[in-house]
Amino acid sequence: MALIEALWVEFGFLVDVILYLVPIWAAFLTGLMIGWAWRPSWAKLDWIKLDDLVSKVVSAPSSLMEPFASSSSFREDIKGNANDVFSSELKAGDPSSSSSKVEGEDQPAVVADDFRHLFRLVEEADGGPSWIQMMDRSTPTMSYHAWRRDPKTGPPQYRSSTIYEDATPEMVRDFFWDNEFRAKWDDMLLQSKTVESCSTTGTMIVQWIRKFPFFCSDREYIIGRRIWESGRVYYCVTKGVPCPSIPRHDKPRRVDLYYSSWCIRAVESRRGTGEMTACEVLLFHHEDMGIPWELAKLGVRQGMWGTVKKIEPGLRAYQKARLSGEPLSHSASMAHITTRASPQYLRSLLTDNADVSETQVAPVPEKQRGFTIPKILVFGGAIALACTLDQGLITKAVIFGVARRIGRLGDKV
């Protein structure tokens, strides 16, 4: 009862504030209509592009990231068997570009340098900033740990370790590669399509359309992906690549800077039996979705665990489907075409650059420094949004509840 009374008192205060602002809003809207009526011809705005315009304004610093749109800094001249790719000559190339050519081309979408980068991330030897621990959660059949780091340029980078009990690396590899089955458990995936694939290297280019909240347009991803294998350890590289054959559209908006790669390997079960019956997925992820990075960090922090928990039921359903004899989809069968890396080659990846320093995992600081959001701006924006949306008390209560939660974060995001 005390909580309900507190909510009603707070709601009454908000109503008083809204009524106080009604004359201000009336004057603002009157001026807006007059200004719009007398606008010059060059000021006409295509409302279809409003989302793109707002995203460009609020995330202008992300334009500095274009040189980092691909992690490839070398090009491969592949001759002979693709599984013997490491003996081929590596030619220096443009680190800010990657080709989307797959079948029968000298420069595939995902190259050996991408594998080298992922391997160094896994071994914590990429020389990047320290990782800051974000989360440590678990269920009886799954454990999850997450870290974040903020590079000097570019969006926040995330690292996570998820361990699934009673799962093999091969099953988990197929599960994450299976676009057809992903639609059954990933409710954000609206559409997926294989654009190109190579039956020799296993390289694929896929198109994803992902659902975003109502205030953003959906996002399009053109993803190049390929798997390297060493023993039963699988290095799965997926990243954004250019694809001239698919034209850009205003909606969905294309995400160019995208990197999401995994290391999948068997680990010892938490049950203490000493058996390697669990599987670890070590994920490295960053992307520029076209929204402010600080707001993206807040959204990730609030929704990370809920999203992760949805993956395991999908994996268990996939295991049952495979055990029942369900055939492999085309995308899952492509996960069986891998490029093998010898232990000697793996060791060379850590020694061919003497100035690479070890990346440390840092403890969580007591109070992180971040971007300051004034509370008056938060509540003012909430009031403006609530007055604009005529969706009843529930919508307005949600808006103000979110605003209060943001305002209580110690004025730090």
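Residues numbered from 1 in each chain as written. Predicted model: local features only at pLDDT ≥ 70, side-chain atom pairs only at ≥ 80, totals over all residues. Heavy atoms only, no water.

Description of the overall build of the protein chain
In terms of regular secondary structure, the protein chain is built from 10 helices and 14 strands. Relative to its full complement of 413 residues, the protein chain shows a buried share of 42%. Approximately 22400 Å² of the protein chain is accessible, and the part contributed by carbon and sulfur atoms is 60%. (Helix = DSSP H or I, 4+ residues; strand = E, 2+ residues; numbered from the N terminus. Buried < 20%, exposed > 50% of the residue type's maximum accessible area, 1.4 Å probe, protein only. Areas by Shrake-Rupley, 256 points an atom, 1.4 Å probe, with all protein chains shown as cover.)

Points about the nonpolar core
Core analysis: the largest hydrophobic core is formed by 43 residues, its most contacted members being Tyr164, Val172, Phe175, Phe176, Tyr221 and Ile264. At eight residues, helix α6 (residues 293-323) tops the list of elements feeding residues into this core. Apart from the residues lying within four places of it in its own chain, the contact partners of Phe175 are Phe181, Trp185, Ile311, Gly314, Leu315 and Tyr318. Counting 26 residues, the second largest nonpolar core, distinct from the first, contains Phe115, Leu121, Trp147 and Val241. (Core = buried A, V, L, I, M, F, W, Y, C linked by side-chain atoms within 4.5 Å. Contact = heavy atoms within 4.5 Å.)

As for the pairing of strand β12 (residues 278-287)
In the case of a regular strand, side chains alternate between the two sheet surfaces. Counting buried positions over the 10 residues of β12 gives nine, a clear majority of the element. Pairing analysis gives eight bridges linking strand β5 (residues 157-165) to β12, with the strands arranged antiparallel. Each bridged residue has a counterpart across the sheet, and for Tyr164 the counterpart in β12 is Cys279. Looking at chain direction, strand β11 (residues 258-267) and β12 are connected through 10 bridges and run antiparallel. For Tyr258, the partnering residue across the bridge sits in β12 and is Glu287. (Pairing = 2+ DSSP bridges.)

Things to note about the pattern of salt bridges
Applying the stated criterion to the full structure yields 20 salt bridges. Across the pair Glu165 and Arg271 runs a salt bridge, and its minimum N-O distance is 3.6 Å. Of the two residues, Glu165 is situated in strand β5 and Arg271 in the loop between β11 and β12; the sequence distance between them amounts to 106 residues. Judged by relative accessible area, which is 2%, Glu165 ranks as buried. For Arg316, the salt bridge identified is with Glu312, shortest N-O distance 3.0 Å. Separated by four residues within a single helix, Arg316 and Glu312 lie in helix α6, roughly one turn from each other. By relative accessible area, Glu312 is classed as buried at 9%. Look at the salt bridges and you will find they share partners, linking Arg148, Asp150, Glu294 and Lys297 into a network. (Salt bridge = Lys/Arg side-chain N within 4 Å of Asp/Glu carboxyl O.)

Let's talk about the packing of helix α4 (residues 169-177) against α6
One can describe the packing of α4 onto α6 by two numbers: an axis separation of 10 Å at closest approach and a directional angle of 110°. On the basis of the axis angle, α4 is roughly perpendicular to α6. Residues Met171, Val172, Asp174, Phe175 and Phe176 of α4 pack against Ile311, Gly314, Leu315, Tyr318, Gln319 and Arg322 of α6. Here the contact of α4 with α6 is composed, by residue class, of seven nonpolar, two polar and two charged. (Axes fitted to C-alpha atoms, helices over the stretch in contact; angles between N-to-C directions. Parallel < 35°, antiparallel > 145°, perpendicular 65-115°, else oblique. Nonpolar A, V, L, I, M, F, W, Y, C, P; charged D, E, K, R; others polar.)

What about helix α3 (residues 112-122)?
Side chains of residues three or four places apart in an α-helix project in the same direction, reflecting 3.6 residues per turn. Most of α3 sits inside the fold, with 10 of its 11 residues counted as buried. Regarding α3, the residues found buried are Ala112, Asp113, Asp114, Phe115, Arg116, Leu118, Phe119, Arg120, Leu121 and Val122. Once α3 ends, the next one or two residues include Glu124, with phi positive near 55°.

Some remarks on the confidence of the model for the protein chain
Per-residue confidence for the protein chain gives a mean pLDDT of 74, with 61% of residues at or over 70. The lowest-confidence element of the protein chain is strand β2 (residues 89-92), averaging 32 in pLDDT; the highest-confidence one is α4, averaging 98. Per-residue pLDDT stays below 50 along residues 1-11; that stretch engages in two contacts with residues further than four places along the chain or on separate chains. For the stretch residues 409-413, pLDDT sits under 50, and the model shows 15 contacts to residues farther than four places along the chain or on other chains. (pLDDT = per-residue confidence, 0-100.)

Points about α6
In a regular helix each residue adds 1.5 Å, so 31 residues correspond to 45 Å; α6 covers 42 Å between its end C-alpha atoms and thus fits that length. Where α6 bends most, the angle comes to about 50°, and this point is Gly303. Gly325 sits one or two positions beyond α6 and adopts a positive phi of about 95°. (Expected span 1.5 Å × (residues − 1). Bend = angle between axes of the 7 residues up to and from the residue.)

So, the packing of aromatic side chains
Counted under the stated rule, the structure contains 14 aromatic pairs. Consider the rings of Phe175 and Tyr318, whose centres lie 5.6 Å apart with planes at 55°: the pair is tilted. One end of the pair, Phe175, is in helix α4; the other, Tyr318, is in helix α6, with 143 residues separating them in the sequence. The pair Phe175 / Tyr318 is uniform in exposure class, with both members buried. Taking 5.0 Å as the distance between ring centres and 65° as the angle between the ring planes, the aromatic pair formed by Tyr221 and Tyr258 counts as edge-to-face. Of this pair, Tyr221 sits in strand β8 (residues 219-230) while Tyr258 is found in strand β11, placing the two residues 37 residues apart along the sequence. Residue class for Tyr221 comes out buried when judged on its relative accessible area of 3%. Exposure remark for Tyr258: the relative accessible area of 9% places this residue in the buried category. A network of ring pairs unites the aromatic residues Phe175, Phe176, Trp177, Phe181, Trp185, Trp262 and Tyr318 as a single cluster. Positioned over the ring face of Trp147 is Arg159, at 4.4 Å from the centre of the ring. (Phe/Tyr/Trp six-rings, centres within 6.5 Å; stacked < 30°, edge-to-face > 60°. Lys NZ or Arg CZ within 6 Å of the ring centre and 35° of its normal.)

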